[in-house]
Amino acid sequence: MIIKKVTWLELFYDLLFVAAVSKASHVLLHVEHETLSLETLGKFVLIFIPIWWAWVGQTLFVNRYGQDTVMHRIFLIIQLFFVLIMTASLSVDFDANYLPFLIGYLGLRIMTAVQYHYSHSRESGHLRSTARYLGSRFWIGLTISACSLFFDSWLRYAVLYAGIVLDVLLPLTGRRILVKTPANTHHLLERFSLFALILLGESVVSILAVLQSSSWTGTSVGFAALTFVLIIAIWWQYYDNLEKKVDMHIQTAGQTIIYGHLFIYLSLCMLAASIQLLFLDQLHYGQMLNLLFGSVLLYFASTALVFQVYRHKQHQLGMKPLALLTLILACFYVLDLLVHVPNVLIMGELALFFALYARITA
């Protein structure tokens with residue numbers, strides 16, 4: 001398999017998308033009366049998915065067809081402008097900024113569809129068939145999402161996400177076509193892992209927020225130190241598995257990486273927000289535990305799945321270590337529900353869990 005490297009323009013492109021994800025994540029910090037409403041949590045997910053899917057669409061195009069040419073750079077640079085429009089529109093008051101958000105999203109997806117048509121005219125064989133399939137089908141979802149302009153209230157979002165859901169499911173329904181032009185696994189994992197690394201930096205920002213939100217006491221310093229251990233353990237587990245356990249020569253449509261990382265990215269954003277909310281004690285204790293442990297469980301399950309599919313056969317994990325880790329996390333959760341545990345100890349439990357996860361899997 002040809003080793004395809006991530007270009008500097010792709011990295012710049014990713015940075016702007018991470019800014020959009022970071023702004024979307026701030027929705028989770030809007031707590032009222034010690035409660036994070038289901039509406040707020042749902043709003044975060046509904047804002048996040050279009051951002052993720054717009055990024056995934058271009059990433060997959062580059063993976064199969066991208067070349068560092070002047071034309072390719074022009075397409076990417078135009079998309080950067082739409083990323084800025086979409087990012088500027090993100091806020092808790094999503095309704096008031098719906099139009100610029102839609103313009104940004106549609107602009108990104110249209111440019112990706114146009115690129116597939118451009119590649120269709122230049123490629124041959126299976127690459128040509130794949131470009132025709134994706135380039136033509138993506139317009140269906142785009143058209144449906146664009147029709148949301150003609151509706152109001154919840155109908156607007158129902159139409160928008162009907163188009164997005166159709167878009168997201170399209171590669172799954174066309175898998176028999178896509179496997180004939182398999183994704184470049186090395187490039188795909190490098191791109192998705194770099195994005196994850198930048199998102200992990202959001203948790204580092206949370207440590208800074210903790211240290212800046214109060215005077216430097218033993219509690220705040222201890223909490224920040226344990227949070228730092230947790231972040232390092234996450235980094236260790238993810239990137240050691242990536243470097244040492246994953247078979248980069250596996251050729252698939254890459255869908256486990258793509259859809260699995262949706263949940264990895266969601267969990268990293270939720271974890272970063274949870275760290276701040278836990279230290280500032282802004283949520284009701286029970287809901288805080290649900291959000292924090294739910295984020296950790298989502299990350300654990302999604303990373304275990306992604307890496308298990310791409311591991312070398314000799315490094316495949318059995319059910320026992322995964323079951324043990326699940327049991328440890330469940331015990332911590334139940335114990336914390338039964339006994340009101342200080343936030344420093346809760347962070348210590350999670351740091352220990354991720355350290356064990358890194359030790360057992362990497």
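Given the structure is predicted, the values throughout are model-derived calculations rather than measurements. (Residues numbered from 1 in each chain as written. Predicted model: local features only at pLDDT ≥ 70, side-chain atom pairs only at ≥ 80, totals over all residues. Heavy atoms only, no water.)

**Examining a positive patch on the surface**
Logical step 1: A cluster of basic side chains, namely Arg128, Arg132, Arg137, Arg176 and Lys180, defines a positive patch on the protein surface.
Logical step 2: Here Lys180 lies in the loop between helix 7 (175-178) and helix 8 (185-212).
Logical step 3: On the accessibility criterion, Lys180 (48% relative accessible area) is partly exposed. (Patch = residues over 30% accessible without salt bridge, like charges linked within 9 Å, V, L, I, M, F, W, Y side chains within 5 Å. Areas by Shrake-Rupley, 256 points an atom, 1.4 Å probe, with all protein chains shown as cover. Salt bridge = Lys/Arg side-chain N within 4 Å of Asp/Glu carboxyl O. Lys, Arg positive; Asp, Glu negative; His and termini not counted. Charge placed at Lys NZ, Arg CZ, Asp CG, Glu CD. Helix = DSSP H or I, 4+ residues; strand = E, 2+ residues; numbered from the N terminus. Buried < 20%, exposed > 50% of the residue type's maximum accessible area, 1.4 Å probe, protein only.)

**What to know about the packing of aromatic side chains**
Logical step 1: Tallied over the entire structure, the rule returns 26 aromatic pairs.
Logical step 2: Summarising the aromatic geometry, the rings of Tyr238 and Tyr239 are spaced 4.6 Å apart at their centres and angled 55° between planes, so their arrangement reads as tilted.
Logical step 3: By relative accessible area, which is 3% here, Tyr238 ends up buried.
Logical step 4: A ring pair is formed by Phe353 and Phe354, whose centres lie 5.4 Å apart and whose planes are at 75°; its orientation type is edge-to-face.
Logical step 5: Classification of Phe353 by relative accessible area gives buried; the value is 0%.
Logical step 6: Three or more aromatic residues joined by ring pairs form one cluster here, namely Tyr299, Phe300, Phe353, Phe354 and Tyr357.
Logical step 7: Across from the ring centre of Phe138, 4.5 Å away, lies the NZ or CZ of Arg109, which sits over that ring. (Phe/Tyr/Trp six-rings, centres within 6.5 Å; stacked < 30°, edge-to-face > 60°. Lys NZ or Arg CZ within 6 Å of the ring centre and 35° of its normal.)

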